[in-house]
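# Observations on the three-dimensional arrangement
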Amino acid sequence: MDSKCQAYFTELLGIVKTVGDLQSTASLLEWDQETYMPKGAMDSRSRQVSTLSSLAHEIFIRDRTGELLEMLSGTDGESVGFQESLIRVTQRDFSRARKLSPELVGCIAETTSKAKSTWIHAYNENDFGNFADDLEKIVDLCLQKAEAIGYEEHPYDALLDEYEPDMTSAQVTSLFEDLRASLIPMVQAIQESSSPKHEYLHLSYDGDIQWDFGMEILRDIGFDFQRGRQDMSAHPFSTSFSVNDVRITTRVNERNLVSGLFSSLHEAGHGMYEQGIDAELDGTLLAQGTSLGIHESQSRLWENQVGRSFPFWTCYYRDLQQRFKSQLGNVSLNDFYHSINRVHPSPVRVDADEVTYNLHIMLRFEIEMRLIEQKLSVRELPELWMDTMQDYLGIQPENDTQGVLQDIHWALGAIGYFPTYAIGNLMSAQIFSCAQNAIPDLHDQIAMGKFHPLRQWLQVNIFQWGRKMSATQILERLTGGGITASPWLEYIRKKYSVIYGTLP
Ligand code: ZN
């Protein structure tokens with residue numbers, strides 16, 4: 001870069017960091033809102049977050065950002081150098097942001113803010129009709145957004161691109177078809193087998209003891225408490241204000257021994273990814289997960305491939321048993337392992353087991369596609385939901401709260417988000433199997449409580465890059481190809497054949 005370009009780059013970096021500081025300050029306020037903020041502060045807090053976010057947006061989309069990008073354009077599209085990557089990623093975000101008119105952005109913000117409270121009310125009262133008007137508006141706004149951003153084949157692609165750059169709805173459709181074809185017979189075979197005992201997981205388990213056990217495990221797996229914290233919130237989440245300040249939350253249920261721990265492991269997987277991003281990228285657009293699918297692959301990997309594995313409990317079960325002698329004293333390691341991996345179709349996505357989880361996502365993706373294609377009206381949703389649940393999982397929710405109203409995502413305008421959960425599941429199996437090839441005694445290491453080799457491998461191959469490498473580049477580098485369903489199916493078949501007998 002000559003000195004003139006260097007000066008342009010320094011100016012661009014200044015803008016990007018200012019925008020980043022405003023956004024991470026807004027995120028800090030949002031974290032506080034979900035953890036410690038007194039309820040009465042809701043109105044002032046919403047205003048503060050909205051002021052900071054709009055200010056960040058306004059600074060980012062100024063003409064000057066575009067001029068600088070124009071003068072710096074022509075860099076290598078694949079390079080992982082700091083400057084080239086930052087210019088490329090900023091260009092991408094800038095052109096997306098500029099395609100949306102301030103009127104449309106304002107309208108989306110206003111509609112979703114209202115829809116969020118309508119949804120809470122509809123959810124609590126089991127009253128879909130109450131939410132339907134807002135959802136109709138949101139679908140319409142998402143269509144307008146897709147048209148403004150532009151797409152080659154399908155309007156859904158423009159929406160998906162926000163969360164999973166590089167992927168199209170056609171790819172997701174074909175991936176999910178492969179998945180469905182193998183998964184449905186497996187779920188049926190599992191349902192015909194006898195189910196492991198699990199009642200003891202729902203005895204009373206002291207919350208403080210659960211919390212301490214979870215914190216020790218987080219330290220062992222390598223979540224860095226010098227650069228992060230864990231707190232409680234109603235809905236577990238992770239957020240980051242810097243690579244040196246990553247927050248995760250969990251919840252503890254005294255009537256469910258493992259749900260809090262698995263939430264913690266899940267969020268710590270997200271958190272360790274953020275903590276592992278190269279410090280040079282801090283404060284810029286590069287210091288984020290490269291796609292929601294890759295992000296979710298990291299949380300799922302620690303929650304499922306590690307946390308729900310037999311080697312993991314070989315290491316930790318005796319300790320857990322000591323802490324809960326009266327509840328677990330007579331439960332063997334093998335029985336415990338089976339019970340935490342019990343497959344049980346449930347109407348609610350967040351309660352779903354590892355095997356049936358992806359079916360919940362396919363159902364949502366199908367519905368979203370039809371809404372965006374305008375082949376389905378919002379009013380028809382509750383009925384279609386019931387029918388599809390019956391087809392996929394063989395069950396029907398008791399009401400809309402347990403059905404179509406269960407997730408907040410649509411109220412937030414996030415159509416195109418759900419597929420990334422399943423994409424993350426599939427990627428987690430691809431990535432874990434690469435890690436196993438690289439670390440042949442990985443399971444033995446886990447059984448000894450040694451997580452450093454796995455974390456280090458993820459650090460080198462995934463964490464450090466942030467957005468310098470796309471999801472496609474990361475997978476290509478590791479597997480020589482793109483995303484596929486077969487490693488995940490293979491993992492599920494092998495693991496659950498041990499518990500339920502041979503699966504198709
Ligand atoms: Zn997650």
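One structure accompanies this document, and this report is about it. (Residues numbered from 1 in each chain as written. Predicted model: local features only at pLDDT ≥ 70, side-chain atom pairs only at ≥ 80, totals over all residues. Heavy atoms only, no water.)

### A word on the packing of helix α17 (residues 419–438) against helix α19 (residues 452–461)
Two packed helices can be described by the angle between their axes and the distance between those axes. Threshold: Interaxial angles span 0 to 180 degrees and are taken between N-to-C directions of axes, which are lines fitted to C-alpha atoms, for helices over the stretch in contact. In DSSP terms, a helix is any run of H or I states spanning at least four residues, a strand is any run of E spanning at least two, and both are numbered starting from the N terminus. Crossing chirality is assigned from the near helix's rotation relative to the far helix, an anticlockwise turn below a right angle marking it left-handed and a clockwise turn marking it right-handed. We call two residues contacting when some pair of their heavy atoms lies within 4.5 Å. In this classification, Asp, Glu, Lys and Arg are treated as charged, Ala, Val, Leu, Ile, Met, Phe, Trp, Tyr, Cys and Pro as nonpolar, and every other residue, Gly included, as polar.
Where α17 meets α19, the closest approach of the two axes is 11 Å, and the angle between their N-to-C directions is 115 degrees. As for the relative orientation of α17 and α19, their crossing is right-handed in sense. Residue-level inspection shows Ile 431, Phe 432, Cys 434, Ala 435 and Ala 438 of α17 in contact with α19, the latter providing Leu 454, Trp 457 and Leu 458. Residue composition of the contact of α17 with α19, by class: 8 nonpolar, no polar and no charged.

### With respect to the coordination of the zinc ion
Think of it this way: four donors in a tetrahedron around the metal ideally sit 109.5 degrees apart, and six in an octahedron ideally sit 90 or 180 degrees apart. Our working rule: Each metal's donors comprise the N, O and S atoms found within 2.8 Å of it (within 3.2 Å for Na, K or Ca). Water is not part of the atom list, so some coordination spheres may appear incomplete. Three exposure classes are used, based on accessible area relative to the maximum for each residue type with a 1.4 Å probe and protein chains only: buried under 20%, partly exposed in between, and exposed over 50%.
All of the protein donors around the zinc ion are His 266 (NE2), His 270 (NE2) and Glu 296 (OE); their distances to the metal are 2.1 to 2.2 Å. Spacing between the donor residues of the zinc ion along their common chain follows H-x3-H-x25-E. A residue pair is termed long-range when its members are at least 10 positions apart, and His 266 in helix α10 (residues 259–275) and Glu 296 in helix α11 (residues 292–306) qualify at 30 residues. Since its relative accessible area comes to 11%, His 266 is described here as buried.

### Here we look at the environment of Ser 193
Let me state the cut-off plainly: Polar contacts, as used here, are pairs of N or O atoms within 3.5 Å; protein pairs need one atom able to donate a hydrogen and one able to accept it. Residues neighboring in sequence count only if both atoms are side-chain atoms.
As for its position among the elements, Ser 193 is in the loop between α8 (169–192) and α9 (207–221). Ser 193 gets classed as partly exposed once you look at its relative accessible area, which sits at 23%. Through-space distance from the C-alpha of Ser 193 to that of Leu 104 is 52 Å; in sequence the pair is 89 residues apart. There is a polar contact of 3.0 Å between the side chain of Ser 193 and the backbone oxygen of Ala 189.

### Here we look at the packing of helix α1 (residues 3–35) against helix α3 (residues 63–72)
At a minimum axis separation of 10 Å, α1 and α3 run at an interaxial angle of 145 degrees. Crossing handedness for the pair α1 and α3: left-handed. Along the contact surface, α1 presents Cys 5, Tyr 8, Phe 9, Glu 11, Leu 12 and Ile 15, while α3 presents Arg 64, Thr 65, Leu 68, Leu 69, Met 71 and Leu 72. Here the contact of α1 with α3 is built from residues that sort into 9 nonpolar, 1 polar and 2 charged.

### Structural notes on the pattern of salt bridges
For clarity, the threshold we go by: Counted as salt bridges are all cases of a side-chain nitrogen of Lys or Arg within 4 Å of a carboxyl oxygen of Asp or Glu.
Here the structure, examined in full by the defined rule, presents 29 salt bridges. Salt-bridge contacts for Asp 133 lead to Arg 379; the nearest nitrogen and oxygen are separated by 2.6 Å. A residue pair is termed long-range when its members are at least 10 positions apart, and Asp 133 in helix α6 (residues 128–149) and Arg 379 in the loop between α15 (357–372) and α16 (381–393) qualify at 246 residues. Exposure remark for Arg 379: the relative accessible area of 46% places this residue in the partly exposed category.

### Some details on the sheet that holds strand β3 (residues 245–250)
Stated formally: Two strands pair under a simple rule: DSSP has to find at least two bridges between them.
Taken in spatial order, the 3 strands line up as β1-β3-β2 in an open sheet, and their pairing is mixed. The open sheet terminates on both sides in strands that have one partner only, identified here as β1 (228–232) and β2 (238–242). Within this sheet the neighbouring strands show an average axis-to-axis angle of 20 degrees, counted without direction. As paired strands, β1 and β3 are joined by 5 bridges and run parallel to one another. Across the sheet, the residue bridging to Gly 228 is Val 246, located in β3. Relative to the sheet, α1 contacts β1, β2 and β3, its axis offset from that of β2 by approximately 145 degrees. Along the sheet face, α10 touches β1, β2 and β3 and points at about 165 degrees away from the line of β3.

### Side note on helix α2 (residues 42–60)
The test is simple: To estimate how far a helix should reach, multiply one less than its number of residues by 1.5 Å. As used here, the arc belongs to the directions running from the helix axis to the C-beta atoms.
Along its 19 residues, α2 runs 27 Å from first to last C-alpha, staying within 8% of the 27 Å computed at 1.5 Å per residue. Along α2, the residues classified as buried are Arg 45, Val 49, Leu 52, Ala 56, Ile 59 and Phe 60. Mapping the buried residues of α2 onto a view down its axis gives an arc of 110 degrees, with all of them on the same face. Along α2, exposed side chains directed more than 90 degrees from the buried face belong to Asp 43 and Arg 47.

### Remarks on a negative patch on the surface
Put simply, the rule is: Residues form patches when they are more than 30% accessible in relative terms and have no salt bridge. Like charges link within 9 Å. Nonpolar side chains (Val, Leu, Ile, Met, Phe, Trp, Tyr) link within 5 Å. In these tables, accessible area is a Shrake-Rupley quantity obtained with a 1.4 Å probe, and a residue counts as shielded only by the protein chains included in the view. The convention is simple: Lys and Arg are positive, Asp and Glu are negative, and His and the chain ends are not counted. Charge positions are represented by NZ for Lys, CZ for Arg, CG for Asp and CD for Glu.
A cluster of acidic residues, Asp 206, Asp 208, Asp 212 and Glu 254, forms a negative patch on the protein surface. Secondary-structure assignment places Asp 208 in helix α9. For Asp 208, a relative accessible area of 57% translates into the label exposed.

### Observations regarding the nonpolar core
The test is simple: In this text, buried Ala, Val, Leu, Ile, Met, Phe, Trp, Tyr and Cys residues form a nonpolar core when linked through side-chain atoms within 4.5 Å.
Counting 126 residues, the largest nonpolar core has Trp 313, Phe 336 and Leu 381 as the members making the most contacts within it. The leading source of residues in this core is α6, at 11 residues. Leave out the neighbours within four places in its chain, and Phe 336 touches Tyr 200, Leu 201, Leu 257, Val 258, Trp 313, Tyr 317, Leu 320 and Val 331. Counting residues in each nonpolar core, the second largest holds 31 residues, with Val 16, Leu 69, Val 243 and Leu 285 among its members.

### Comments concerning α1
Taking 1.5 Å per residue, 33 residues should reach 48 Å; α1 reaches 47 Å between its end C-alpha atoms and fits that length. N-capping of α1 is provided by Asp 2, with a side-chain oxygen placed 3.2 Å from the backbone N of Lys 4.

### Focus: the packing of aromatic side chains
Here is the rule we go by: Here is the rule: rings of Phe, Tyr and Trp (six-membered ring for Trp) pair when centre to centre is within 6.5 Å. Planes less than 30 degrees apart are stacked, more than 60 are edge-to-face, and the remainder are tilted. Charge-over-ring placement is defined geometrically: NZ (Lys) or CZ (Arg) within 6 Å of the ring centre, and within 35 degrees of the ring normal.
All chains considered together, the criterion is met by 24 aromatic pairs. Plain terms: the ring middles of Phe 213 and Tyr 316 are 6.3 Å apart, the flat faces sit at 85 degrees to each other, and that makes the pair edge-to-face. With Phe 213 in helix α9 and Tyr 316 in helix α12 (residues 310–323), the pair connects residues that are 103 residues apart, well separated along the chain. Ring pairing ties together the aromatic residues Phe 213, Trp 302, Phe 312, Trp 313, Tyr 316, Tyr 317, Phe 336 and Phe 451, which thus form one cluster. The cationic tip of Arg 300 hangs over the ring face of Tyr 357; the distance from NZ or CZ to the ring centre is 4.2 Å.

Function cannot be read off these values alone, since they describe shape.
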